[in-house]
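# Structure assessment
Listed here are the chains, written in short residue letters.
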Amino acid sequence: MNIPSALRLGLAKVFAYSLLSLFLIPLAAYLFTGYAQRDEDAQFVARISQRIDAEKGMPAAEKQARKDFYRANPPSRVCTNPAAEVQEYRAAVCEQYGELWQFNLVRKASLWTLLAGGVLLAAVLGLGALAFVDRKMQYTSFVTGWHLTTWASAAALVVQGALAVWLSFWLTAFFFQKYSPKLIIFVGIAVAIGVLMAIKSIFTRVQLNNRVDGEPVTEADAPVLWKRIRHMAERLKTEPPRHIVAGIDANFFVTEAPLAVGGKALTGRTLFVSIPLLRLLDQQEADAVLGHELAHLRGGDTRRSAMLGPKIAQYDHYRHAMRTGGLSAVVSPLLDLYRMVFEIALARESREREFKADRIAAKLISPNAIAQSLVKIAAYAQYRSRIEHELFGQNRRHDAALGIASYVAQGLPPYAASPDFLSEMKSANVPHPFDSHPAMTERMRAVGVNLPESAYGAIVVRPPAATWVQHILTADAIEQRMWGEYEQAFAADHERSLAYRYEPATDEERALVLQYFPSVVFALKGSDTVTVSIDGISTSADSTTVYWDAVKALEFKESSFGNALLVTHPEKNALGLGARKSKIKLAGLKKEKDDFNATVGHYWQRHQIMRAHQGQA
């Protein structure tokens, strides 16, 4: 499998960040303690040598012997020297919890942390490599890597956090002969929060979103289709699906993971079929697709995915928590490194599974049926995506009944004859919710079909003689209900996006924007108020409004004399030496300050998105 250059670069960056996250703090502690100990040793030997030289009546030979002894046994070494002749000396300079004791302890801890980091990095890379060796080992590799990296990252956070707190005191104390209690407290609190976040995330169980938009198709609803699927499963020597779910998504898939479909929980093997695609495919082409999906069931692909999916979701939840948990982000690169390596292994194995399933389906039905179904599915998915993108990009409100299905059905033949069709189909992938599929042309070549690109258009527009939709008694009703729900949600999402896009320029547009962004009033001291609206921020205290177009940056300032919002404007100040700034006084705004800041950020974001959209338009 060839790894794209962008992915290789990303992997190299994550690896570099992992090295920093594992070794930067312990290496800094190790080097600092070494430097400080050498400096303290040199000063100690110089002082003791001066005292020895000042001793009167001591023979020169004895003086030299004593100085040689202290040079050979400086304080940094004597603490680890168990010899009886240095016992008194050791007791004098190596008192427990003293300065020398701390430096020796931190030096040892940082060295062991560096060694442990090296072992951990090697283990992570080894487990990642194991996922490439054998697909049966992927689950073992991931579960082992999951437990290793989560607990190791939490442990690293504890150890490196302790080193960071220690360094926050001693770096300033050693180099500047003073320390900052605020810095120590800040680092300590940040470390404590990070550790708590790590432990909490380890034990938090993620609720999987296993909802599928569709409706079950019982055997009574489609007896002929069920019979055909069971017959193909028997020929492939695998158990048939327990459930068939029909929907309007532009893909087919099988899964053994639990699904929530229309308020019902489905367990066991489930086959999802797309009604719009079944209308486009003739029965042989559809059989090739169904045979491909059944081949995944026979190969154990869905069983492994069902086992691995929840583990990956849990791991990704932990990664996100670490990345957004403040100081805990220090340990996230190692988690990202293992996840990226494992994802590459999954993608590689996924390609192999797809090629194998295609070969099985080609043998079961025919290679040409596979190739033609790939062309039709890719063309439908490409054109439907284009239609939905165009509809979503329009700057007018849509009715709930958009008629996307009819748009696609009527526009697909002209699209297949358009100049853009072939260029888009060259890089088209057949959509699938769980796997990273190879490109369509690679899959056709893998089953021995060399279909000329000039034939794609004719394949797409050729009407099927018979389809499996004709044998699903509930297909029309399901499709009507599903499209209705889909288009209603599509129109609602589009309307919400218009609230971000409109300036607004008309009363109708203003009414829509205000529906999502009404003016919000916050009480200030006395009877004064501050109002955040789509126009800007205004206060009743001085009857002024700062319009969003006059804002470049915002900063909330807390003060015992009264909170304020510092506004940086786009233009220069009167002296021309920097941006002009002004202040919106918010005296009396205390308990609602978080809500105020969130509202200001939300409305300011809307204005920026609107201006960016207006500029593109």
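Here goes a summary of the coordinates provided. (Residues numbered from 1 in each chain as written. Predicted model: local features only at pLDDT ≥ 70, side-chain atom pairs only at ≥ 80, totals over all residues. Heavy atoms only, no water.)

This next bit is on the packing of helix α8 (residues 223-235) against helix α10 (residues 283-298). Between α8 and α10, the shortest axis-to-axis distance is 10 Å and the interhelical angle comes to 50°. Taken together, the axes of α8 and α10 are oblique relative to one another. Crossing of α8 against α10: the hand is right-handed. Where α8 approaches α10, its residues Leu225, Arg228, Ile229, Met232 and Ala233 are matched on the opposing element by Asp287, Leu290, Gly291 and Leu294. (Axes fitted to C-alpha atoms, helices over the stretch in contact; angles between N-to-C directions. Helix = DSSP H or I, 4+ residues; strand = E, 2+ residues; numbered from the N terminus. Parallel < 35°, antiparallel > 145°, perpendicular 65-115°, else oblique. Left-handed = near helix turned anticlockwise from the far one by under 90°. Contact = heavy atoms within 4.5 Å.)

Checked against the element boundaries, Ala313 lands in helix α11 (residues 301-323). In this structure, the C-alpha to C-alpha distance between Ala313 and Arg205, residues 108 residues apart in sequence, is 9.6 Å.

The next thing to look at is empty space enclosed by the protein. Scanning the model with the defined rule gives 2 cavities of 30 Å³ or more in all. Counted as a void, the second largest cavity has a volume near 40 Å³. Residue lining of the second largest cavity: Ser21, Leu22, Ser153, Ala156, Gln160, Val331 and Leu334, and that is the complete set. Examining the composition of the lining of the second largest cavity, we find that 3 residues originate from one element, helix α6 (residues 136-176), more than from any other. Its residues assigned to classes, the lining of the second largest cavity shows 4 nonpolar, 3 polar and no charged. (1 Å grid on protein atoms, 1.4 Å probe; cavity = no way out; pocket = protein on both sides within 12 Å on 5 of 7 lines; lining within 4 Å. Points joined across faces, edges and corners; volume = space filled by probe spheres on them. Nonpolar A, V, L, I, M, F, W, Y, C, P; charged D, E, K, R; others polar.)

Its location among the elements puts Asp221 in the loop between β1 (215-216) and α8. The side chain of Asp221 is buried and forms no salt bridge, while Arg481, the nearest opposite charge, is found at 8.2 Å. Among all residues touching Asp221, those that are not within four sequence positions of it are Pro216, His471, Ile472, Leu473 and Thr474. (Buried < 20%, exposed > 50% of the residue type's maximum accessible area, 1.4 Å probe, protein only. Lys, Arg positive; Asp, Glu negative; His and termini not counted. Salt bridge = Lys/Arg side-chain N within 4 Å of Asp/Glu carboxyl O.)

To continue, consider the environment of Arg242. Within the secondary structure, Arg242 sits in the loop between α8 and β2 (243-247). Other than its neighbours up to four places away in sequence, Arg242 contacts Trp226, Thr267, Gly268 and Arg269. A polar atom in the side chain of Arg242 sits 3.5 Å from the backbone oxygen of Thr267. (Polar contact = N/O pair within 3.5 Å; in protein donor to acceptor, adjacent residues only side chain to side chain.)

Right, let's get into the pairing of strand β9 (residues 536-539). With 3 bridges joining them, strand β8 (residues 529-532) and β9 adopt antiparallel strand pairing. The residue bridging Val530 from the neighbouring strand is Thr539, located in β9. Relative to strand β10 (residues 544-547), β9 runs antiparallel, the two being bridged by 4 bridges. By the bridge assignment for β10, Ser538 is matched with Thr545. Taking the residues that link successive antiparallel strands as the turn, the β9-β10 hairpin has 4 residues, and the phi of Ser543 there is positive, at about 50°. (Pairing = 2+ DSSP bridges.)

Together, Lys237, Arg298, Lys356, Arg359 and Lys363 make up a region of like positive charge exposed at the surface. Per-element accounting of the positive patch gives the leading share, 3 residues, to helix α12 (residues 332-364). Examined against the element boundaries, Lys363 turns out to sit in helix α12. (Patch = residues over 30% accessible without salt bridge, like charges linked within 9 Å, V, L, I, M, F, W, Y side chains within 5 Å. Areas by Shrake-Rupley, 256 points an atom, 1.4 Å probe, with all protein chains shown as cover. Charge placed at Lys NZ, Arg CZ, Asp CG, Glu CD.)

With that settled, consider the packing of helix α1 (residues 5-54) against helix α5 (residues 99-133). Two elements in contact, α1 and α5, have axes separated by 9 Å at closest approach and are oriented at 155°. The angle between the axes of α1 and α5 places the two elements in the roughly antiparallel class. Relative to α5, α1 is oriented so that their crossing is left-handed. Among the residues making up the contact of α1 with α5, the classes are represented as 17 nonpolar, 8 polar and 3 charged.

Any aromatic ring pair is given by two values, namely how distant the centres are and how the planes are angled relative to each other. Tallying each qualifying case throughout the model produces 30 aromatic pairs. With 6.1 Å between their ring centres and 65° between their planes, Phe32 and Trp166 make a pair best called edge-to-face. In this pair, Phe32 is assigned in helix α1 and Trp166 in helix α6, connecting sequence segments 134 residues apart. Linked through ring pairs, Phe32, Tyr35, Phe103, Trp166, Phe169, Trp170, Phe174, Phe175 and Tyr179 together constitute an aromatic cluster. The positively charged end of Arg107 is found above the aromatic ring belonging to Tyr30, 3.9 Å away from the centroid. The ring of Tyr486 has Arg384 sitting right over it, with the charged end atom 5.3 Å from the ring centre. (Phe/Tyr/Trp six-rings, centres within 6.5 Å; stacked < 30°, edge-to-face > 60°. Lys NZ or Arg CZ within 6 Å of the ring centre and 35° of its normal.)

Here we come to unusual backbone geometry. In this chain, Glu503 is followed by Pro504 through a cis amide linkage whose omega measures 0°. Positionally, Pro504 belongs in the loop between α18 (475-501) and α19 (507-516). Residues other than glycine seldom take positive phi values, yet Gln177 does so here, at roughly 55°. In this structure, Gln177 sits in the loop between α6 and α7 (181-203). At Lys237, a residue that is not glycine, the phi angle is positive and equals roughly 60°.

Before going further, it helps to examine the nonpolar core. What tends to happen in soluble globular proteins is that the nonpolar side chains get buried as a cluster. In this structure, Phe252 and Val375 are the most contacted members of the largest nonpolar core, which totals 71 residues. Here this core takes 13 residues from helix α13 (residues 367-393), the largest share from any one element. Of all hydrophobic cores here, the second largest spans 33 residues; its members include Leu22, Leu121, Ala152 and Ala164. (Core = buried A, V, L, I, M, F, W, Y, C linked by side-chain atoms within 4.5 Å.)

What follows concerns α6. For α6, spanning 41 residues, the distance from its first C-alpha to its last is 58 Å, which sits close to the expected 60 Å at 1.5 Å a residue. The largest bend in α6 comes to about 30°, at Leu167. Looking at the residues trailing α6, positive phi occurs at Gln177, about 55°. (Expected span 1.5 Å × (residues − 1). Bend = angle between axes of the 7 residues up to and from the residue.)

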